[in-house]
Amino acid sequence: MIEKKIRDAMNDQIKHELESFYIYLSMVAYFHKQGLDGMAHWMRCQAHEEMIHAMKFFDHIIDRGSTVILQDLKQIKTTWKTPLEAWQDAYEHEKFITGKINNLTKISREENDYTSEPILSWFLNEQIEEEKNTEKVARELALVEKSKQGILMLDRELAARVFVAGSSFDPTAYNVAP
Ligand code: OFO
């Protein structure tokens, strides 16, 4: 079983991960519109990864005999002034998600819920990657912001992201490294 306090916080986290999916999907559309297909591809991979994150919590709640309660997703941005602004938003969003995972870890410790430790430690590590990746692109983009050539080079680099996981609903996909 799972304590109500943890269950509620994990249900909240499903919402946050789905919002991440939704935000990055919105960025896919934005980057395609800007002609930056490499960035769109990177964000498409990222959106897929976020759906897997949501499903990790989804299945954890079910596996522990508790109840998944899906919530409304908040209204999201659909456009950005510049590609840099979009990447800065992505970095800020990942910091927000790190805060949520930290809080979930705090609650699980207060409630002596040791069974949550493996999944939460996976997410704590994952957030290091998530912040690092988005911060790096935002920083590099800031350096080349005035150069169309620089932006195009970065776009080509981001087109090379490989995402090997299959369906978000396939549990074997969850074990794939971030
Ligand atoms: Fe789920 O890590 Fe990004 O948001």
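Scroll up for the structure.
Right, let's walk through the structure included here. (Residues numbered from 1 in each chain as written. Predicted model: local features only at pLDDT ≥ 70, side-chain atom pairs only at ≥ 80, totals over all residues. Heavy atoms only, no water.)

### A closer look at the nonpolar core
In terms of nonpolar packing, the biggest core is built from 24 residues, with M27, F31, M39, M43 and W87 touching the most fellow members. At the level of elements, α1 (4-33), α2 (37-63), α3 (83-110), α4 (117-144) and α5 (148-158) are the ones that each hand at least two residues to this core. If you tally residues by element for this core, the top one is α1, at six residues. Leave out the neighbours within four places in its chain, and M27 touches M43, W80, A86, D89 and A90. Counting 17 residues, the second-largest nonpolar core is a separate cluster that includes A9, A54, L104 and L120. (Core = buried A, V, L, I, M, F, W, Y, C linked by side-chain atoms within 4.5 Å. Buried < 20%, exposed > 50% of the residue type's maximum accessible area, 1.4 Å probe, protein only. Helix = DSSP H or I, 4+ residues; strand = E, 2+ residues; numbered from the N terminus. Contact = heavy atoms within 4.5 Å.)

### Quick notes on the packing of α2 against α3
Look at α2 against α3: their axes get within 14 Å of each other, and the N-to-C directions meet at 15°. One way to sum up the angle between α2 and α3 is to call them roughly parallel. Judged by the twist between their axes, the crossing of α2 over α3 is left-handed. On α3, the residues touching M39, W42, M43, Q46, E50 and F57 of α2 are P83, W87, A90, E94, I101 and L104. Classifying every residue of the contact of α2 with α3 gives nine nonpolar, one polar and two charged. (Axes fitted to C-alpha atoms, helices over the stretch in contact; angles between N-to-C directions. Parallel < 35°, antiparallel > 145°, perpendicular 65-115°, else oblique. Left-handed = near helix turned anticlockwise from the far one by under 90°. Nonpolar A, V, L, I, M, F, W, Y, C, P; charged D, E, K, R; others polar.)

### Some remarks on the pattern of salt bridges
A side chain with one charge may pair with a side chain of the opposite charge, provided their charged atoms come close. Here the structure, examined in full by the defined rule, presents 14 salt bridges. Residue R161 is joined to E49 by a salt bridge in which the shortest nitrogen-to-oxygen separation is 3.0 Å. Note that R161 is positioned in the segment after α5 and E49 in helix α2, a separation of 112 residues in sequence. For R161, a relative accessible area of 18% corresponds to the buried category. Using a relative accessible area of 5% as the deciding quantity, one classes E49 as buried. Through salt bridges with shared partners, one network takes in K77, K81, E85 and D89. (Salt bridge = Lys/Arg side-chain N within 4 Å of Asp/Glu carboxyl O.)

### Considering the side chain of T98
Looking at the element boundaries, T98 is found in helix α3. For T98, the side chain forms a polar contact with the side chain of Q127, separated by 3.1 Å. In this view, T98 contacts Q127 and E131; residues no more than four positions away in its chain are not counted. (Polar contact = N/O pair within 3.5 Å; in protein donor to acceptor, adjacent residues only side chain to side chain.)

### Observations regarding α5
Of the positions making up α5, those classed as buried are G150, I151, L154, D155 and L158. Buried residues in α5, looked at end-on, bunch into an arc of 140°, giving them a common side. Across α5 from its buried face, at more than 90 degrees, point the exposed residues K148, Q149, M153 and R156. (Arc of directions from axis to C-beta.)

### Let's talk about the packing of aromatic side chains
Following the criterion strictly, the structure yields six aromatic pairs and no others. With 4.4 Å between their ring centres and 20° between their planes, F57 and F123 make a pair best called stacked. With F57 in helix α2 and F123 in helix α4, this pair connects stretches of sequence that are 66 residues apart. Of the two residues, F57 and F123, both sit in the buried class. Taken together, the aromatic side chains of Y30, F31, W42, W80 and W87 make up a single cluster linked through ring pairs. One cation-aromatic arrangement involves K56 over W122; the distance from NZ or CZ to the ring centre is 4.1 Å. A cation sits over an aromatic face here: R161 above W42, 4.4 Å from the ring centre. (Phe/Tyr/Trp six-rings, centres within 6.5 Å; stacked < 30°, edge-to-face > 60°. Lys NZ or Arg CZ within 6 Å of the ring centre and 35° of its normal.)

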